[in-house]
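Each chain, letter by letter, is given below.
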Amino acid sequence: MDICFEKQDKPTAFFVLGKEVIVDDERLAAALSRLPKLRREAELVDKKAKDLQADIIHLSLNLIDKRNYYLYN
């Protein structure tokens, strides 16, 4: 496990654009809590967008693999 992102016992909740975002990593939560509210919201939205982009890439690659399997086997 990456020591930079270890889960904590009690997650920290932040509100970003009116939605609750749970941060499990104690060090990340501490860093985010020190940022001004608008900057914190921008950082969390950016992280969510990157996570979503990674999920889309992963799903796309899986679909391509399945398509190739059925086409060539």
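Residues numbered from 1 in each chain as written. Predicted model: local features only at pLDDT ≥ 70, side-chain atom pairs only at ≥ 80, totals over all residues. Heavy atoms only, no water.

## Some points on the overall build of the chain
For the chain, the helix and strand inventory stands at 2 helices and 2 strands. Going through the 73 residues of the chain one by one, you find that 15% of them count as buried. Long-range contacts, defined here as pairs at least 24 residues apart, represent 20% of the contacts in the chain between residues at least 6 apart. (Helix = DSSP H or I, 4+ residues; strand = E, 2+ residues; numbered from the N terminus. Buried < 20%, exposed > 50% of the residue type's maximum accessible area, 1.4 Å probe, protein only. Contact = heavy atoms within 4.5 Å.)

## A look at the pattern of salt bridges
Side-chain pairing between opposite charges can occur once the charged atoms of the two side chains come close. Applying the stated criterion across every chain, the model contains 2 salt bridges. The partner of Lys50 in a salt bridge is Asp46, and the shortest N-O contact between them spans 3.3 Å. Of this pair, Lys50 and Asp46 both sit in helix 2 (residues 37–72), 4 residues apart, which is roughly one turn of the helix. Note that Lys47 is salt-bridged to Asp51, the shortest N-O span being 3.1 Å. On the criterion of helical spacing, the pair formed by Lys47 and Asp51 is a turn pair, its members being 4 residues apart in helix 2. Given the relative accessible area of 36%, Lys47 is considered partly exposed. (Salt bridge = Lys/Arg side-chain N within 4 Å of Asp/Glu carboxyl O.)

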